[in-house]
Amino acid sequence: MKGSDRLRRLASYAFVAVLAMAVVACNEAHPNSTLDPHTDLGREIDFLWNRLLLLGTIVFVLVEVILIYVVFRYRRRENQGMPPQTHGSTKLEIAWTLIPAVILVFIAVPTVRTIFITQARAAPGSLNIEVTGHQWWWEFRYPDYGVTTANEIYIPTGRTVNFRLRSADVIHSFWAPELGGKRDVVTNRTNYMWYTPDSSISSNVWNGFCAEYCGASHANMRFRVFTVTRQQFESWVAGQKLPARFGAVSSGTGAAGSTQPGYIFPREQVPDYAVPHSPIPSGLKFTPGLTGNAQRGLKVFTSSACIGCHAIAGNPMAMGTTGPNLTHVGSRLTIAAGRFPNAAAYLALWIKNARAMKPEIIMPTLGVDEYDPVLKTKVTAATGGLTDQQIADIVAYLTALK
Ligand code: CUA
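So, here's what we can say about the structure. (Residues numbered from 1 in each chain as written. Predicted model: local features only at pLDDT ≥ 70, side-chain atom pairs only at ≥ 80, totals over all residues. Heavy atoms only, no water.)

## Focus: the overall build of the protein
- Within the protein, the secondary structure is distributed over seven helices and 14 strands.
- Against the 2.2 N^0.38 benchmark of 21 Å for 402 residues, the protein shows a C-alpha radius of gyration of 28 Å, more extended than a compact globule.
- Considering only C-alpha atoms, the protein reaches an extent of 95 × 50 × 40 Å along its principal axes.
- Counting only residues that meet the buried cut, the protein has 41% of its 402 residues in that class.
- On the protein, roughly 22400 Å² of surface is accessible, and the fraction owed to carbon and sulfur atoms is 63%.
- For the protein, the separation between the mean place of its 37 positive charges and that of its 27 negative charges on side chains is 3 Å. (Helix = DSSP H or I, 4+ residues; strand = E, 2+ residues; numbered from the N terminus. Rg over C-alpha atoms; globule rule 2.2 N^0.38 Å. Buried < 20%, exposed > 50% of the residue type's maximum accessible area, 1.4 Å probe, protein only. Areas by Shrake-Rupley, 256 points an atom, 1.4 Å probe, with all protein chains shown as cover. Lys, Arg positive; Asp, Glu negative; His and termini not counted. Charge placed at Lys NZ, Arg CZ, Asp CG, Glu CD.)

Below, the structure is given as structure tokens:
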């Protein structure tokens, strides 16, 4: 009687635990869940995972039921003598050799099948994107279109994307959990991955991550994937192929249904999970109320250290390749590889004090009289330090580069 009471209580605990797990599992608010795939590749991996989980669960339940049964049925009882001693049983030994072998066949066949599918080359006619991992940002090139961008990619739904993955320094790993599996990004070897986004996700933004520890700012090495319609993609590419349209009136870029070059995913449609919420480190300040002048900003940018690392098509002085290509930086959603929103206030602090906002990066501290945590010294005007007004001008210039 007492034993069955305890069993009943245990069962009710187990029921509550399973219920809690089910509630958490069914919650839709998991924007970075790899268990909710939106591509063919994602579904292949998900299918394999579900299959292995099912088989594993069956084996687990069977083994546990038999184990618990045996523990209770054959436990030691009072006044019980020595039980009969047995040694060796050919039948049993054959059985417990055969059963795991059969189970392994059921696991191996779908696993090998998935490996063959996911390792195959992308179909001809796929959209090529060259991915280069840097400490700590992503360089994206569209070789078929001559477009280079950073930390944000646009891909059309319904068309296979073929990623060529390489690293400029250490090992990274390219991962957009809702779109496909992870793949390592290695220096001396090109890895490939392809997937076809479902046409049902033609107006979405997805988070991407570096999934291999790669140094101090590994967690700050993110990217965004915009899945758009074919027409929107063509328009975006046409806009990105143009040199920086600084000075031109940046109208028409957001017009609904517009087919003129330069589609940009509307900011107001970006889901909250894709908007960075990183707090600004304490102690960083910027003179309030400064108005930047884009024309002046162009001059400051072109005569400062910026051009040593950044390229801007249309600005022949800016040809650096160490940092992200800034040709259309004004059209991007985030800065600092997805760490902060691309807004004037963040951009100003970033230029002034990048190393305080993202540890150990190559981008130097540029604010005059600011402390550089890598050089362990204060920045002066003689070493290229910029005043808040100069930074505000650069911000105005970069923001205009749509
Ligand atoms: Cu790159 Cu972690």
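Right, picking up where we left off after that structure.
## What to know about the nonpolar core
- I129, Y142, Y154, F174, F301 and L398 are the most contacted members of the largest nonpolar core, which totals 70 residues.
- Ranked by residues supplied to this core, first place goes to helix α6 (residues 344–357) with seven residues. (Core = buried A, V, L, I, M, F, W, Y, C linked by side-chain atoms within 4.5 Å.)

## Examining the environment of G146
- Assignment of secondary structure puts G146 in the loop between β2 (137–142) and β3 (147–150).
- Classification of G146 as exposed rests on a relative accessible area of 60%.
- In sequence terms G146 and P31 are 115 residues apart; their C-alpha atoms lie 32 Å from each other.

## Digging into the pairing of β3
- What you see with β3 is no split at all: V147 and T149 on one side and T148 and A150 on the other are buried throughout.
- Where β2 lies against β3, four bridges are found, and the strand directions are antiparallel. Within β3, the residue paired with F140 across the bridge is T149.
- The turn linking β2 back onto β3 is made up of four residues, and G146 within it adopts a positive phi angle of 70 degrees. (Pairing = 2+ DSSP bridges.)

## Let's talk about the layout of surface pockets
- In this structure, the largest pocket encloses a volume near 560 Å³.
- Lining the largest pocket are 33 residues, and of these H310, P324, L326, W350 and M363 sit closest to its centre.
- Top element by residues in the lining of the largest pocket is α6. It accounts for three residues. (1 Å grid on protein atoms, 1.4 Å probe; cavity = no way out; pocket = protein on both sides within 12 Å on 5 of 7 lines; lining within 4 Å. Points joined across faces, edges and corners; volume = space filled by probe spheres on them.)

## Side note on the sheet that holds strand β5 (residues 161–167)
- Taken together, five strands build an open sheet; the order of strands is β3-β2-β1-β5-β8 and the sheet is mixed. Edge positions in the sheet fall to β3 and β8 (191–195), since each has one partner strand and no second. On average, each strand axis in the sheet is inclined to that of its neighbour by 25 degrees, with strand direction left out of account. (Axes fitted to C-alpha atoms, helices over the stretch in contact; angles between N-to-C directions.)

## Quick word on helix α4 (residues 230–241)
- In this model, α4 (12 residues) spans 16 Å end to end at C-alpha, consistent with the 16 Å of a helix rising 1.5 Å per residue.
- Every buried residue of α4 is listed here: F233, S235, W236, V237, G239 and Q240.
- Taken together, the buried residues of α4 touch β1 (127–134), β2, β3, β4 (152–156) and β10 (222–228). (Expected span 1.5 Å × (residues − 1). Contact = heavy atoms within 4.5 Å.)

## Here's the deal with the sheet that holds strand β9 (residues 204–210)
- Pairing in this open sheet of five strands is mixed, and the strands run β4-β10-β9-β6-β7 from one edge to the other. Edge positions in the open sheet fall to β4 and β7 (183–185), since each of these has one partner strand only. Taken pair by pair, the neighbouring strands of this sheet meet at an average axis angle of 30 degrees, ignoring direction.
- When β4 meets β10, the two strands line up parallel, connected through five bridges. Among the inter-strand pairings, I153 is bridged to a residue of β10, identified as V225.
- Where α4 meets the sheet, it contacts β4 and β10, and its direction lies at approximately 135 degrees from that of β4.

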